[in-house]
Amino acid sequence: MLRVGSSAACVACRSLVSNYMGVKFRIPLQKLHPLSRAIHHRYSGNNNPHRTPHRTAARYFTSMSRLPMRPVKPPPGSGGHRHQQQRNFWVARLAARLLRLRYILLGTAVGGGYTAKKTYEEWKDMLPDFSEYNWVIPDFVWELSENIDLDKLAKALPEMEEIAKLLPDFEKIGENFTFLKGLLSSGVSLGSEVKGVSGLHLLENSGDPALKATDSSTAAAHDVSDKQYKKSSDKEKIDQLQEELLRTQLKYQRMLERLEKENKELRKVVLQKDDKGIHQRKVKKSLIDLYSEVLDILSDYDSNYNTQDHLPRVVVVGDQSAGKTSVLEMIAQARIFPRGSGEMMTRSPVKVTLSEGPHHVAMFKDSGREFDLTKDEDLAALRHEIELRMRKSVKEGQTVSSETISLSVKGPGIQRMVLVDLPGVISTVTTGMASDTKETIFSMSKAYMLNPNAIILCIQDGSVDAERSIVTDLVSQMDPQGRRTIFVLTKVDLAEKNLASPSRIQQIVEGRLFPMKALGYFAVVTGKGGTGESIDAIKDYEEDFFQNSRLLRDGMLKAHQVTTKNLSLAVSDCFWKMVRESVEQQADVFKASRFNLETEWKNNYPRLRELDRNELFEKAKNEILDEVISLSQVTPQLWESILQKKLWERVSTHVIENIYLPAAQTMDSGTFNTTVDIKLKQWTDKQLPHKALEVAWETLQEEFARFMAEYKGKDQDDIFDKLKEAVKDESIKRHKWNERAMDSLRVIQHNALEDRSITDKPQWDAAIQFMEETLQSRLKDNESVIKDMVGPDWKERWLSWVNRTPEQHIRNETKKELDRLLKLHDDHTAYLASDEVTTVRKNLEGRGVEVDPVLIKDTWHQLYRRHFLQKALTHCNLCKRGFYYYQRHFVDSELECNDVVLFWRIQRMLVITANTLRQQLTNTEVRRLEKNVKEVLDDFGEDSEKKAQLITGRRVQLAEDLKKVREIQEKLESFIEALHKEK
């Protein structure tokens, strides 16, 4: 017999508790009661090698409970203390029975509750709240799993008086017994197996008289409860059991979430500490990151061999404002998308790669900046950046764009997958949208859903009538069998509140309301009606809603069909299943495509390297820059010669027609100089500087184009011609001459024209030569004009059989008459008098030629011009010996060579202007042009569409496809290898 408070009883009690709590105690054998040591040797000896001490102690305690109680002789002076000890011992045994009953109830609840996906080593954290039984279990029991101290255990046992005070509460124990018995006798199993029933029979059939006496006190309560339970209807039983089952499921779901949260924190700590270990390497090059890289490459791939991109993605489609963005944010656990009230916010596809990492961050594919999703300012900056990228991708006149924005989100506990958020499907085009917006969104959504391996996440707004949905018909067309569709009903809280019949929600999630079929149906709540709630607050609200919702209580929804957490797990599982089934087949397809491309290249371009568009652009860029640099190698003499020649060609007509001829025809030296000075000043102030800068700019363009043309023939390919031409045109278009140089150029030109001093004979001779060449050129042009007016002479008519036209015949007769007039008046003025015109006309009429006075004046102008130029050339020959008189300022009418001085002033101005422009060209403008060329090349290099327009041809496209296919195949092989390792 064991006494209350003995060491054996304590050890047996602790062994029993540790057996159910999963804690193994190692108690030194020397501290055991002698009787306990005997039992220990009996059950743990050589005859029982497989029995452990704690199991032996528990078994011993059970066997001891079946022994009949024998009276113990009280010690001397104890009196009636014997009955008090016996009652206290009953209380201790009853406490042990209740402790066993407690774990029987726990086993049944776990069997029928929520089946956890993950198992953990320490089951003590999964125990439910036993505050209802705190009046029975001492505080030390909760500390057994942490640290076992025998002295503390002994002190923690309650005194006999305290246990005795608890005896009147047997009624509460009876109620718990009645409830458990009712559950077991109803025939409804809460789990797959109830292993604790034997403990209940052990309690009821115990042969202990003392325990039977105790049980008899609760028999009446059992009978009353059983009668009441039998009188209740079957419907009430089912309702009660369902409510209890739901309560148990939700309780264990909360415990599982708490454990997952702790596990997330632990994994985060491990990932942060293991900077150089394998965990960190997985974060940098994780499986989902490898897969996302493949998808990014495929988004820009366009093959001519019908190699389609059939790699799995999760395509998120839904009606506008159905809650697509909110579902994605709940899965990503952050508010990462821009939001608007009824306005279209998603204007282009957004590819979101979700993966696990130590920190909750987001990053764009083409940017190195990390956005900390735990900080509000970074979240706001991320949303703003996404909105800017969307608006930038939309072309002018459009509302949506097909350009994909790639974003990666990492964080502890995030499910790994790749989602593509598409613009919401609309039924009506509103004001401000492009007319083809609806069709563009439809075609974009179809293009993504046509992928036979794409997982369609169909989002339906539960707060509106189901008949208003557009996306369900579209999804059913793309996946009529529902083999890759997951249906999500959002805003279930509003649906339950607004719908008169909640059974309609049940019809939706069971797939009986829509013709669309799906793999799974989920109901979620992704907001509380405001825009500022945090993700954690929404999760709590979602859990509280479903916990209290009659949708679960009445069995309309299953526990695994609710919350975004379960949705995220289901989508991730489906995604990876699809990936494993299809990725190797896709790798084989691209391998065959690579073989075809390589074969075509070998047959068509056997001696050329496989340069893609970017590599060809870099090669062309270097050549163009070399050609621009060659401009700086042009000699100053060549620059000045070109500039001087072009400037004179541009201004010679103005100098002859508007300055020289009007002044020279005055036949007066003073008037000549005065007229020349006035006209030169006007010319310099208004036209000459502008003309000079135009000439310089055109010269620079022509030289640049000439160098570009020289390099064209050096390359066997004409593949760079379009690019070079576009760079030249765009650079010249962007180049603006420095206008501040115009004022200084005007002063220089004015000073050059003001100087009349010819210092030496070579300058005089150069001026005469320049004047003579100019006059001869003009005389030649004049002779050509007269010849066209009068027609062929007699030689041409006889030798070439060409006749004059009637107009030419009239012109010829008029010319003869005017030539007689010039012979008679050699010093005639430039204009005919009216009487002279009448005389010429009458003379021609006398010969039978009718002529108009205007024709007479036009013919006279050309004839007098020829006559004047011939006289000027004669005077120029005379002035060759006039430098001596000019130098000594002799006055001689025959040798007043003012016209020579004018041409010397013009010539000197041309030389000085050419020198000034050359300095500006070589010192400033050539460098600015080089800078413009570099800027244009940089801009073209960043514009992939521009490069595709300017560098074209089958050779380029073939190299592009070959490079992409090789890269895709290599990435796929790396991903498949990593996928096999993860298995």
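Predicted, not measured: the structure shown is a model, and the values here were computed from it.

The secondary structure content of the chain amounts to 36 helices and 9 strands. Partitioning the contacts of the chain with sequence separation of at least 6, the portion at a separation of at least 24 is 80%. Accessible surface for the chain amounts to roughly 52500 Å². Of this, 49% is attributable to carbon and sulfur atoms.

A few words on unusual backbone geometry. Of note, Q333 is a non-glycine position whose phi angle comes to about 65°, a positive value. Positionally, Q333 belongs in the loop between α13 (324–332) and β2 (350–356). One non-glycine residue, K491, lies in the positive phi region at around 55°. Note that K491 resides in the loop between β8 (485–490) and α17 (492–498). By relative accessible area, which is 24% here, K491 ends up partly exposed.

Time to look at the nonpolar core. In terms of nonpolar packing, the biggest core is built from 98 residues, with Y660, W683, L723, W764, I906 and V933 touching the most fellow members. Broken down by element, the residue count for this core peaks at 17 residues, all from helix α34 (residues 898–942). The residues touching L723, leaving out its near neighbours within four places in the chain, are F617, A620, I624, F940, L950 and I951. Counting 59 residues, the second largest nonpolar core, distinct from the first, contains L295, I297, M417 and I976.

Taken as a whole and assessed by the stated rule, the structure comprises 14 aromatic pairs. Ring centres 5.6 Å apart and planes at 80° place the aromatic pair Y291 and F575 in the edge-to-face group. Linking Y291 in helix α12 (residues 287–299) with F575 in helix α21 (residues 564–604), this pair joins segments that are 284 residues apart in sequence. Residue classification places Y291 among the buried residues on the basis of a relative accessible area of 0%. Through pairs of rings, three or more aromatic residues link up here, namely W648, Y660, F770, F868 and F903. Its guanidinium or amino end placed over the ring of F364, R389 lies 4.0 Å from that ring's centre, counting from NZ or CZ. Across from the ring centre of F617, 5.6 Å away, lies the NZ or CZ of K947, which sits over that ring.

All right, on to helix α22 (residues 613–629) then. Here α22 contains 17 residues, and its C-alpha end-to-end distance of 24 Å stays within 8% of the 24 Å for a straight helix at 1.5 Å per residue. Among the residues of α22, R613, L616, F617, A620, K621, E623, I624, L625, E627 and V628 are the ones counted as buried.

Reading across from one edge, β4-β3-β5-β2-β6-β1-β7-β8-β9 is the order of the 9 strands in this open sheet, with mixed pairing throughout. At either margin of the open sheet sits one strand with a lone partner, and together these are β4 (371–372) and β9 (520–523). Bridging between strand β1 (residues 314–318) and strand β7 (residues 455–461) involves 5 bridges; their strand directions are parallel. When the sheet's bridge partners are listed, V314 is paired in β7 with I455. Set on the sheet, α13 makes contact with β1, β2, β5 (405–411), β6 (417–421), β7 and β8; between it and β6 the angle comes to about 160°.

This part takes up the side chain of T564. By secondary structure assignment, the location of T564 is in helix α21. Leave out the neighbours within four places in its chain, and T564 touches M330, V524, T526 and E542.

Before going further, it helps to examine the confidence of the model for the chain. Per-residue pLDDT for the chain has a mean of 75; in total, 69% of the residues score no lower than 70. Here helix α8 (residues 197–204) is the element of the chain with the lowest mean pLDDT, 34, and β1 is the one with the highest, 93. Per-residue pLDDT stays below 50 along residues 1–83; that stretch engages in 91 contacts with residues further than four places along the chain or on separate chains. Confidence drops under pLDDT 50 across residues 275–284; counting only partners more than four residues distant or on other chains, this segment forms 12 contacts.

This model, assessed by the stated rule, comprises 43 salt bridges. The partner of E703 in a salt bridge is R706, and the shortest N-O contact between them spans 2.5 Å. One end of the pair is E703 and the other is R706, both in helix α25 (residues 688–712) and 3 residues apart, which spans about a single turn. Overall, the relative accessible area of 7% leaves E703 in the buried class. Connected through shared salt-bridge partners, R594, E598, E610 and R966 make up one network.

Of the two faces of β9, the one lined by G520 and F522 and the one lined by Y521 and A523 are each fully buried. Across 4 bridges, the pairing between β8 and β9 is parallel. Looking across to β9, one finds that I486 is bridged to G520.

Now for a nonpolar patch on the surface. A surface patch of nonpolar side chains, amounting to about 480 Å² of accessible area, comprises W794, W798 and L799. Looking at the element boundaries, W794 is found in helix α29 (residues 794–800).

A word on the pairing of β5. Of all the 7 residues making up β5, 6 are buried; the element is thus mostly covered by neighbouring parts of the structure. Note that β2 and β5 share 7 bridges and pair parallel. Paired with V350 across the two strands is I405, which belongs to β5. The sheet contact formed by strand β3 (residues 361–364) and β5 spans 4 bridges and is antiparallel. Pairing of A362 across the sheet is with V409, part of β5.

Interaxial distance between α22 and helix α36 (residues 954–982) falls to 8 Å at its minimum, and their mutual angle equals 125°. For the element pair α22 / α36, the angle class is oblique. Judged by residue contacts, R613, N614 and L616 of α22 engage R955, V956, Q957 and E960 from α36. A breakdown of the residues in the contact of α22 with α36 according to their chemical character gives 2 nonpolar, 2 polar and 3 charged.

What counts, and at which threshold
Residues numbered from 1 in each chain as written. Predicted model: local features only at pLDDT ≥ 70, side-chain atom pairs only at ≥ 80, totals over all residues. Heavy atoms only, no water. Helix = DSSP H or I, 4+ residues; strand = E, 2+ residues; numbered from the N terminus. Contact = heavy atoms within 4.5 Å. Areas by Shrake-Rupley, 256 points an atom, 1.4 Å probe, with all protein chains shown as cover. Buried < 20%, exposed > 50% of the residue type's maximum accessible area, 1.4 Å probe, protein only. Core = buried A, V, L, I, M, F, W, Y, C linked by side-chain atoms within 4.5 Å. Phe/Tyr/Trp six-rings, centres within 6.5 Å; stacked < 30°, edge-to-face > 60°. Lys NZ or Arg CZ within 6 Å of the ring centre and 35° of its normal. Expected span 1.5 Å × (residues − 1). Pairing = 2+ DSSP bridges. Axes fitted to C-alpha atoms, helices over the stretch in contact; angles between N-to-C directions. pLDDT = per-residue confidence, 0-100. Salt bridge = Lys/Arg side-chain N within 4 Å of Asp/Glu carboxyl O. Patch = residues over 30% accessible without salt bridge, like charges linked within 9 Å, V, L, I, M, F, W, Y side chains within 5 Å. Parallel < 35°, antiparallel > 145°, perpendicular 65-115°, else oblique. Nonpolar A, V, L, I, M, F, W, Y, C, P; charged D, E, K, R; others polar.

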